[in-house]
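# Examination of the molecular architecture
One letter stands for each residue in the lines below.
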Amino acid sequence: MLIEFACSNYKSIYKKVKLSMLASLDDTREKELIHFDKYRINRLSAIYGPNGSGKTNILEALAKSRKFIESCLRYELGDYAFFEPHKLAKKDEASKFEFQFVVEDIRYAYGFSVLDGKIDKEYLFYFPNKRQTKIFTREGLVIENGDSFKKFSETAFEVLKENRLFLTCAANYTKNVEIEKAYLFFKEDVRPFWPSNESNNVIPNAIEYFSKHAELKEIYLKIMDNLGTGICDVSTTFDKKKYSEGELPKDMPVRLKEMFMEKEIVRAEAIIQYNEFQLDLETEESTGIKKLFAFMYPFLDSLLNNRVLICDELETGLHESIVAGLLRLFSTLYPDSRAQLIFTTHDTSLLDTAFLRRDQIWFTELDQSRSTDLYSLIEIKNVRKTENLKKGYISGKYGAIPMLNESIFSKNTDTIISSDVDQVNCDD
């Protein structure tokens, strides 16, 4: 599970922002928290804010740094590590990404910085027996091992480059349990879900998941019933095959035939059954049911395997009551799960302590330098447990809302239009 993520100098984020999953002293819905050692950790974090304030950039910084950790071994000489600094950043200012997380009841701290497409610094610590222990630190290409970690394979150093992380190199070329666990946390346990990105094949991925895990069908149907969708059953088909020429239509274009014969073609199909009829998911179902089906894959996978799920604009295509139901289920369906859900949203109906604790609600807004600021509702003084949070947010009490120019909508608008714009004669 994730304890904390911090970053600076990435896109709209200039000054350091920190998203903490640590719970405050607030005792609201205490049973829904994850308890680890002396820590109480939140399962949910919702980020609110006006368009352009940097909500997505925070999740993107988390997702892209995670992707870089997983894939940087594929970077060749001359390739730039991802580096998109704030427009006001100086040339010598690095982008920084820092994580604290837990794997098998051991806390880890990992971070790295990127400058001009190259790794500037990097570190990995862990805390066995609650004591900080250095695994390695790095500056440029110089690695300094911790006292208990003197043996890294020569291959790990040979494959290390300016645009590759030592964590990734060492995890793949050195047999070290602690480093492997830290690397696999990012590779397997942090799962981005971008529903608005049509290129990420969310429907086929979900169909494949349910086809390979038939035992989850009953759980899926119970959730659909709980959410009041009317879905009674679902059948999925997923296979990959190369077609022979005889299996293809004779009038099919030659180049298309060659493609079917050269590569494995994926066939992914889901049939949704209602009381009196059935619908093909891809061609006949509503956008909302498609989104819900696709979301069930990372939703259940995270709950059952203790993963961190990050989702941009969770409510897209879903009714607000469905979103509220999903949050309740995520918090209560498996009490022993350590799964976490971090998401951005504009859905103000969720601003209610029935769904979210005050320390689970975060806001973004731009400061005078157009740099993203991130803060939690729990940091704002005089916010009572019983307060109408939706009303407080819309009224601007917590900040992080669009500030409209009222003069645009003044009584003089009609006069401006009539005096400054040529009138059109409809008869002409």
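Note that this is a predicted model, so its numbers are computed, not measured. (Residues numbered from 1 in each chain as written. Predicted model: local features only at pLDDT ≥ 70, side-chain atom pairs only at ≥ 80, totals over all residues. Heavy atoms only, no water.)

## Examining the nonpolar core
One recurring pattern in soluble globular proteins is that nonpolar side chains are buried together. Counting 64 residues, the largest nonpolar core has F99, F101, Y110 and L167 as the members making the most contacts within it. Counting residues per element, this core draws most heavily on helix α1 (residues 55–71), at 7 residues. Discounting residues that sit within four places of it in the chain, Y110 has contacts with I69, F97, E98, F99, F101, E122, Y123, L124, F136, L165, L167 and F186. I203, F210, L279 and L314 belong to the second-largest nonpolar core, a separate cluster that totals 61 residues. (Core = buried A, V, L, I, M, F, W, Y, C linked by side-chain atoms within 4.5 Å. Buried < 20%, exposed > 50% of the residue type's maximum accessible area, 1.4 Å probe, protein only. Helix = DSSP H or I, 4+ residues; strand = E, 2+ residues; numbered from the N terminus. Contact = heavy atoms within 4.5 Å.)

## Examining the packing of helix α5 (residues 202–212) against helix α9 (residues 287–305)
Where α5 meets α9, the closest approach of the two axes is 9 Å, and the angle between their N-to-C directions is 55°. With respect to α9, the element α5 is oriented oblique. You can see that α5 and α9 cross each other, and the crossing is left-handed. Across from V202, I203, N205, A206, I207, Y209 and F210 in α5, the residues of α9 making contact are K290, F293, A294, M296, Y297, L300 and D301. (Axes fitted to C-alpha atoms, helices over the stretch in contact; angles between N-to-C directions. Parallel < 35°, antiparallel > 145°, perpendicular 65-115°, else oblique. Left-handed = near helix turned anticlockwise from the far one by under 90°.)

## Points about the sheet that holds strand β2 (residues 17–20)
The 7 strands lie next to each other as β2-β1-β6-β7-β8-β9-β10, forming an open sheet whose pairing is antiparallel. Bordering the open sheet on either side are β2 and β10 (142–145), each of which pairs with just one other strand. Taking the axes of each pair of neighbouring strands and ignoring which way they run, one obtains an average angle of 10° across the sheet. As defined by bridge partners, strand β1 (residues 2–8) adjoins strand β6 (residues 95–103) across 6 bridges and the pair is classed as antiparallel. In the strand pairing of β6, F5 is matched with F99. Strands in contact with helix α4 (residues 177–189) are β1, β6, β7 (106–115), β8 (118–126) and β9 (133–139); relative to β6, the strand with the most contacts, it is inclined by about 110°. (Pairing = 2+ DSSP bridges.)

## Quick word on the sheet that holds strand β14 (residues 278–280)
With antiparallel pairing, 3 strands are arranged side by side in an open sheet as β12-β13-β14. Sheet topology places β12 (233–241) and β14 at the edges, where each strand pairs with a single neighbour. The mean inter-strand angle of the sheet, taken between neighbouring strand axes irrespective of direction, is 15°. Direction of pairing for strand β13 (residues 265–273) relative to β14: antiparallel, over a ladder of 3 bridges.

## Things to note about unusual backbone geometry
Most peptide bonds take the trans form, and the phi angle of most residues other than glycine is negative. Here the phi dihedral of K11 falls at roughly 50°; this positive angle occurs in a residue that is not glycine. Here the phi dihedral of K130 falls at roughly 65°; this positive angle occurs in a residue that is not glycine. Along the chain, the position of K130 falls in the loop between β8 and β9. Judged by relative accessible area, which is 65%, K130 ranks as exposed.

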